[in-house]
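Secondary and tertiary structure notes
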Amino acid sequence: MISLTSDTETKPTHAMRQAIANAEVGDEQKGEDPTVNRLLERVADLLGKEAALFFACGTICNFVSIKTHTRPADVVLAEQMSHIIRAESGGAALTSGVLMEPIASERGIFTVDAIEQALGRVATAPYLYSANPRLLCVEQTHNFRGGSVWRLNELREVCEFSRQKGLATHMDGARLLNAVVASQTQAKDFANCVDSVWIDFTKGLGAPMGAVLAGTREFISEARRYKHIFGGAMRQAGIIAAGCLYALDHHVERLQEDHDNATYLARRLSEIEGITVQDTKPDTNIVFFDVSQLGIDKGMFLTLLQQYGVKMGAVGQSIRAVTHLDVSRADINFAVDTVSKVTKFLGSAALKAERRDCEISNIKLLFAS
Ligand SMILES: *Cc1c(COP(=O)(O)O)cnc(C)c1O
């Protein structure tokens, strides 16, 4: 089975498992795990921030950051398809009691103008009936908008504007290192635009667990309290941090391979009749495409694909394919051939008209015959 569902599908390599097995450990929540401490220093340095904090995953980094930056009933601005709004189970509302104000954009990269419009909807002036806008979130790269990359000047502009408006700024940098590799920009230059930022080790970096949040010493010491409150404090977490350190040493530059594979995949898919690829030159490792022209439900399309050994996922009305460490160029070719086979079959005259709506099991029988 070839899985392009997500770059979270990566399994730790043998060498990473060795590093994990050999990790020196201590008590993480007392600040005494030497491997975690090494990782925190390394990431703080990478991101040019004063301090950093270790977490099991990225979702809790967003919750803790929002909690640290805001007070209940504040407004948090984020792009309308951001992970914080669309994929965190409404957790910011539960853990911080905030209102989310979506910012409109095409590619996840919004402008000062769009922030101004969002702020205009929230509050025109200090006014008893308006909620307080307090925080702006950006996502680098933008997951549900096709792994798009904020260029440094675009990011600087919106963050400077937000600061002038009295907003704190936070970066969901789950795939920040994909942006770094794709744009040849230093991580600290991107991170320097925002007050808080985290990176995920379980996406393209291929570790089984771990995320690191960074900011000022003051921000991190406050965030540490919330990490405890949310149940995020750990003990001998060096066994996880060792996988993250290994990933920083061995899995960053190779992200370029994933990007090249995504570009190749997008181009090959766009050559298949009935498939509409959203962006034939994706910025990083995420490809979105549409099968609505085939007159088939995307769920049925995905089930068929899976029966022939290829897994992909659905986001909204589209299908998402993500390249990563565990898929080679040969795997991509196999995936393209499978999409092509399924598509040809669905487009064939035999299936038009009355058979189009038949059960998946029937399609499977027809396809096998
Ligand atoms: C995956 C992801 C998260 C959540 O990270 P987990 O480590 O899975 O909790 C947050 N934001 C973005 C953009 C993501 O892609």
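Data block above holds the structure.
Now for a quick tour of the structure.

Definitions and cut-offs
- Residues numbered from 1 in each chain as written.
- Predicted model: local features only at pLDDT ≥ 70, side-chain atom pairs only at ≥ 80, totals over all residues.
- Heavy atoms only, no water.
- Phe/Tyr/Trp six-rings, centres within 6.5 Å; stacked < 30°, edge-to-face > 60°.
- Helix = DSSP H or I, 4+ residues; strand = E, 2+ residues; numbered from the N terminus.
- Buried < 20%, exposed > 50% of the residue type's maximum accessible area, 1.4 Å probe, protein only.
- Lys NZ or Arg CZ within 6 Å of the ring centre and 35° of its normal.
- Pairing = 2+ DSSP bridges.
- Axes fitted to C-alpha atoms, helices over the stretch in contact; angles between N-to-C directions.
- Contact = heavy atoms within 4.5 Å.

So, about the packing of aromatic side chains. Overall, the coordinates contain two aromatic pairs when judged by the stated rule. Both rings, one in F110 and one in W150, keep their centres 4.9 Å apart while their planes meet at 90°; by these two values the pair is edge-to-face. A residue pair is termed long-range when its members are at least 10 positions apart, and F110 in the loop between β4 (99–103) and α6 (112–122) and W150 in the loop between β5 (132–139) and α7 (152–164) qualify at 40 residues. Accessibility assignment for this pair places F110 and W150 in one class, buried. Here K227 stacks its cationic end above the ring of F55, 5.2 Å away from the centre of that ring.

Let us now look at the sheet that holds strand β6 (residues 168–173). Read from one edge to the other, the open sheet built from seven strands follows the order β2-β8-β7-β6-β5-β3-β4, with strand pairing classed as mixed. The open sheet is flanked by β2 (51–55) and β4, the only strands paired with a single partner. For this sheet, the mean inter-axis angle between neighbouring strands, taken without regard to orientation, is 20°. Bridge count for β5 against β6 is five bridges, and the pairing is parallel. Looking at β6, one finds that C137 is bridged to H170. Sheet strands touched by helix α2 (residues 34–47): β2, β7 (196–200) and β8 (211–215). Its angle to β2, the strand with the most contacts, is close to 125°.

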